[in-house]
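# Analysis of the macromolecular model
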Amino acid sequence: DMQGLSVCDTAYNYGCYHGFIEAFFTKNDVAKVTQIESSCTVLGPVHAPSCLHGVGHGVLVNRSYNLDQALSDCKTYLQENSQIYCFDGAFMERITGSMLAADRKVAITEQNLNEPCNKVDYIYKNQCWRNQVTVWNSFFAGDTKKVGAHCNAIESEFRKTCFESIGLSIAMNTPEDANIIAGRCRILSQDQISE
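Here goes a summary of the coordinates provided.

## Comments concerning the overall build of the protein
What the protein contains, in helices and strands, is ten helices and zero strands. Ordered by position from N to C terminus, the α and β elements of the protein give α-α-α-α-α-α-α-α-α-α. Taken over C-alpha atoms, the radius of gyration comes to 17 Å for the protein, in line with the 16 Å a tight globule of 195 residues would show. Among the 195 residues that make up the protein, the fraction classed as buried is 42%. Carbon and sulfur atoms form 50% of the exposed surface of the protein, whose accessible area is close to 10500 Å². Measuring between centres, the 16 positive side-chain charges of the protein sit 3 Å from its 22 negative side-chain charges.

Pasting the structure below:
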């Protein structure tokens, strides 16, 4: 019953939406994702994107972490203006592996630091690179300079999103002190900050 979404709120970074949607997919075929999309859309422009992002998490879990299939489902079943949020959620779920045992999660090595973003179709790249910052932050133990260098090395049209993701990560993982946040951002070179 889609009314369950109406009791969700923004607590725990929209965790209720994510959990509800993942539970929905344990009982329903992916093709029914249009029901969730409709329920997310009525939440309005502030909350709908996070709800639709949860769809991406749920679709990837439902597809047993087959990223290509999940991205295809997002593209096939959702309206065009909803798809990017679904792609974003699928890429995030690939990284977090929230429903996977530790030994089944993606192992990050120096050789695969840019995967899958260096291999996915163009339509998915922006959301992929946006989430890849999490991978680099983990691999480089939060070294902003090294993460920034990786953002600087990707296709130029996706660098802005990549650097914005660094800023978001810094803001989310830094005490609420504007001077500390700004200082961590200043570690990036001036051309990276202004991209």
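Having put the structure on the table, let's press on.
## Considering the packing of helix H5 (residues 80–96) against helix H6 (residues 122–139)
H6 packs onto H5 with a crossing angle of 35 degrees between their chain directions and a minimal axis gap of 9 Å. Taken as a pair, H5 and H6 cross one another with a handedness that is right-handed. Across the interface between the two elements, Gln 83, Ile 84, Phe 87, Asp 88, Phe 91, Met 92 and Ile 95 of H5 pack against Ile 123, Tyr 124, Gln 127, Cys 128, Arg 130, Asn 131, Gln 132, Thr 134 and Val 135 of H6. Residue composition of the contact of H5 with H6, grouped by class: nine nonpolar, five polar and two charged.

## Some thoughts on the pattern of salt bridges
For the coordinates displayed, the defined rule picks out five salt bridges. Among the salt bridges present, the one from Arg 63 reaches Asp 73, with a minimum N-O distance of 2.6 Å. On the criterion of sequence distance, the pair formed by Arg 63 in the loop between helix H3 (44–62) and helix H4 (67–77) and Asp 73 in helix H4 is long-range, its members being ten residues apart. Residue classification places Asp 73 among the buried residues on the basis of a relative accessible area of 3%. Between Lys 160 and Glu 164 there is a salt bridge, with the nearest N and O atoms lying 2.6 Å from each other.

## Description of the environment of Lys 105
Following the sequence through the fold, Lys 105 ends up in the loop between H5 and H6. Each residue touching Lys 105, except ones within four places of it in the same chain, is listed here: Thr 96, Gly 97 and Leu 100.

Procedures and definitions
- Residues numbered from 1 in each chain as written.
- Predicted model: local features only at pLDDT ≥ 70, side-chain atom pairs only at ≥ 80, totals over all residues.
- Heavy atoms only, no water.
- Helix = DSSP H or I, 4+ residues; strand = E, 2+ residues; numbered from the N terminus.
- Rg over C-alpha atoms; globule rule 2.2 N^0.38 Å.
- Buried < 20%, exposed > 50% of the residue type's maximum accessible area, 1.4 Å probe, protein only.
- Areas by Shrake-Rupley, 256 points an atom, 1.4 Å probe, with all protein chains shown as cover.
- Lys, Arg positive; Asp, Glu negative; His and termini not counted.
- Charge placed at Lys NZ, Arg CZ, Asp CG, Glu CD.
- Axes fitted to C-alpha atoms, helices over the stretch in contact; angles between N-to-C directions.
- Left-handed = near helix turned anticlockwise from the far one by under 90°.
- Contact = heavy atoms within 4.5 Å.
- Nonpolar A, V, L, I, M, F, W, Y, C, P; charged D, E, K, R; others polar.
- Salt bridge = Lys/Arg side-chain N within 4 Å of Asp/Glu carboxyl O.

Nothing here speaks to function; it is geometry throughout.
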